[in-house]
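Breakdown of the fold
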Amino acid sequence: MDANDLSVSLGGTDILDGVSLTVESGELVGLVGPNGAGKTTLLRTLAGYLTPDAGTVRIDGDDIHALASKAASRRVAVVPQSSSFSFDFAVRDVVAMGRHPYRSRVRPADDADGATHVEAALERCELTNLADRPVTAISGGERRRVLLARALAQDTPVTLLDEPTAGLDVNHQIRTLDLVRGLINEGRRAVAAIHDLALAARYCDRLVVISDGRVHAAGPPGEVVTRATLRDAFDATAAIGTDPVTGTPAVTPLTHADDADAHTHVLGAGDAAVGLLEPLAEAGYHVTVGPVVAGSMDHEAARRLDCHAVTTPPFGPVDDDAREQAAGYCRDADVVIVPTDARDAGVNERLAATADETVVVEEVESAAIRAAVTDALGGATVTSPD
Ligand SMILES: Nc1ncnc2c1ncn2[C@@H]1O[C@H](COP(=O)(O)OP(=O)(O)OP(=O)(O)O)[C@@H](O)[C@H]1O
């Protein structure tokens, strides 16, 4: 699927502006972005429901907006965010509605294997036991699986999903995305709007960040889910780590702070530095740290918070580059903090709140690193807090 330079306005307001997106076979693309960014509008445009003011959507070469409705529905299926069923159709009948694009009043035999698709979709979505139940008499989560099964029965190369996990318990969120992933692994293509960034990062091959109707960033989850993206696209402060089980980005939203972007340099390393970085970043400071040993815990803490770390190789003296860079940060920073160990967490908190001074707290865990930087600075800025 190729969406090229899509612009859409609704009610006289520009909603999408120059959005392009490609989805290859065997690829799940996640649409992420703040509320009101335009994700649903984009999905509706990709589905052919909304005609763009400019731009095209092609599936295997066919312009989706130029196709007749049944032909378009044989290429793309939609799992909507919600659907209210006002008639008490049986679950099986709702799923069978997915076969509509293959049926013809004049040639009813055209969809000879329709029933097989419907039964397979029911089974895959664990709905076989509910197949005869009225759709008005099942739970909200089960109804979402019915919408997914209907899309499966439609048997299209492209599936568009709008918040497929919303309202599902944690078990069914995973089962639903595992199911979607299974379809992708069979060679289908899908685009899914997913609010949960960690789930999106775990299941999608690529993420497209939509913000204010534009593509803010696009790429593999590890490249897209960054502190900078969270700040710029979502206006959110977050720590980004690595999920220890899945190895994909983990997102911890932090309390929002509107503080100035004063530069704080955390000099040297140690366990205390790990605890310092997060409150500083949370308070809105531009934080740098180092020198830290490459691959150490404090380096990882800096990485996940998107704080630039000056690194020095393990098992060796602090190298000249690291020494120079750290010295530069120490000269430029509004505050230089040399952390003590964890018992001084209270002191660190106080320092973070008074960042307009240069304060150095003695006793860095790694005396060698402190000595190296102090030396590079000619000892000039090293002062005692009291
Ligand atoms: N029919 C419409 N007429 C005018 N504006 C609309 C219409 N439909 C949606 N909008 C506006 O378009 C913008 C994008 O809405 P959309 O539903 O695409 O966002 P979204 O990213 O899916 O949001 P959410 O995450 O909250 O579901 C919103 O500001 C919304 O108010």
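Residues numbered from 1 in each chain as written. Predicted model: local features only at pLDDT ≥ 70, side-chain atom pairs only at ≥ 80, totals over all residues. Heavy atoms only, no water.

Our next topic: the side chain of Arg181. One can find Arg181 in helix α6 (residues 170-185). Its relative accessible area of 17% is what places Arg181 among the buried residues. Aside from chain neighbours lying at most four places away, what touches Arg181 is Gly26, Leu28, Tyr203, Cys204 and Asp205. (Helix = DSSP H or I, 4+ residues; strand = E, 2+ residues; numbered from the N terminus. Buried < 20%, exposed > 50% of the residue type's maximum accessible area, 1.4 Å probe, protein only. Contact = heavy atoms within 4.5 Å.)

A few words now on the confidence of the model for the chain. Residue-level pLDDT values for the chain average 81, and 79% of them are 70 or greater. Note on residues 341-386: pLDDT is under 50 here. Beyond four places in sequence and across chains, it has 77 contacts. (pLDDT = per-residue confidence, 0-100.)

This brings us to the side chain of Ser7. Along the chain, the position of Ser7 falls in strand β1 (residues 2-10). Excluding its chain neighbours within four sequence positions, the residues that come into contact with Ser7 are Leu16, Asp17, Gly18, Pro52, Asp53 and Ala54.

For the rest of this paragraph, the subject is the site of the ligand. Around the ligand, the neighbouring residues are Leu10, Ile15, Pro34, Asn35, Gly36, Ala37, Gly38, Lys39, Thr40, Thr41, Gln81 and His195. One nitrogen or oxygen atom from the main chain of Ala37 is found 3.1 Å from an oxygen atom belonging to the ligand. In the environment of the ligand, an oxygen atom lies 2.5 Å from a nitrogen or oxygen atom belonging to the side chain of Thr41. Here the ligand, which alone exposes 640 Å², has 58% of that area covered by the protein. Counting residues per element, the shell around the ligand draws most heavily on helix α1 (residues 39-46), which supplies three residues. Of the residues contributing to the shell around the ligand, the split by class is four nonpolar, seven polar and one charged. (Near = heavy atom within 4 Å. Polar contact = N/O pair within 3.5 Å; in protein donor to acceptor, adjacent residues only side chain to side chain. Areas by Shrake-Rupley, 256 points an atom, 1.4 Å probe, with all protein chains shown as cover. Nonpolar A, V, L, I, M, F, W, Y, C, P; charged D, E, K, R; others polar.)

Time to look at unusual backbone geometry. Of note, the phi angle at Asp5 is positive, near 55°, even though the residue is not glycine. Mapping Asp5 onto the fold places it in strand β1. The phi dihedral of Asp155 falls on the positive side, at around 50°, and the residue is not glycine. With respect to the helices, strands and loops of the structure, Asp155 is situated in the loop between α5 (140-153) and β7 (158-162).

Before going further, it helps to spend a moment on the nonpolar core. Ranked by size, the top nonpolar core spans 48 residues in total, and within it Leu28, Val95 and Val146 carry the most contacts. At seven residues, α5 tops the list of elements feeding residues into this core. The next biggest cluster of nonpolar side chains, apart from the first, holds 28 residues, and it includes Ile59, Leu160, Val191 and Ala193. (Core = buried A, V, L, I, M, F, W, Y, C linked by side-chain atoms within 4.5 Å.)

Next up on the list: the sheet that holds strand β10 (residues 214-219). Spatially, six strands are ordered β6-β7-β8-β3-β9-β10 in an open sheet, and the strand pairing comes out mixed. For this open sheet the edge positions go to β6 (76-79) and β10, each flanked by a neighbour on one side alone. On average, each strand axis in the sheet is tilted by 20° relative to the strand beside it, whichever way the strands run. With four bridges joining them, β6 and β7 adopt parallel strand pairing. (Pairing = 2+ DSSP bridges. Axes fitted to C-alpha atoms, helices over the stretch in contact; angles between N-to-C directions.)

Topologically, Leu267 is positioned in strand β13 (residues 263-267). Expressed as a C-alpha distance, the spacing of Leu267 and Val289, which sit 22 residues apart in the sequence, is 5.8 Å.

Before going further, it helps to examine the sheet that holds strand β2 (residues 13-22). Strand order in the open sheet formed by four strands is β2-β1-β4-β5, with antiparallel pairing between adjacent strands. Looking along the sheet, the strands with just one partner apiece sit at the ends: β2 and β5 (62-63). Relative to β2, β1 runs antiparallel, the two sharing six bridges. Paired with Leu6 across the two strands is Val19, which belongs to β2. Sitting on the sheet, α1 touches β1, β2 and β4 (54-59), and the angle it makes with β1 is about 120°.

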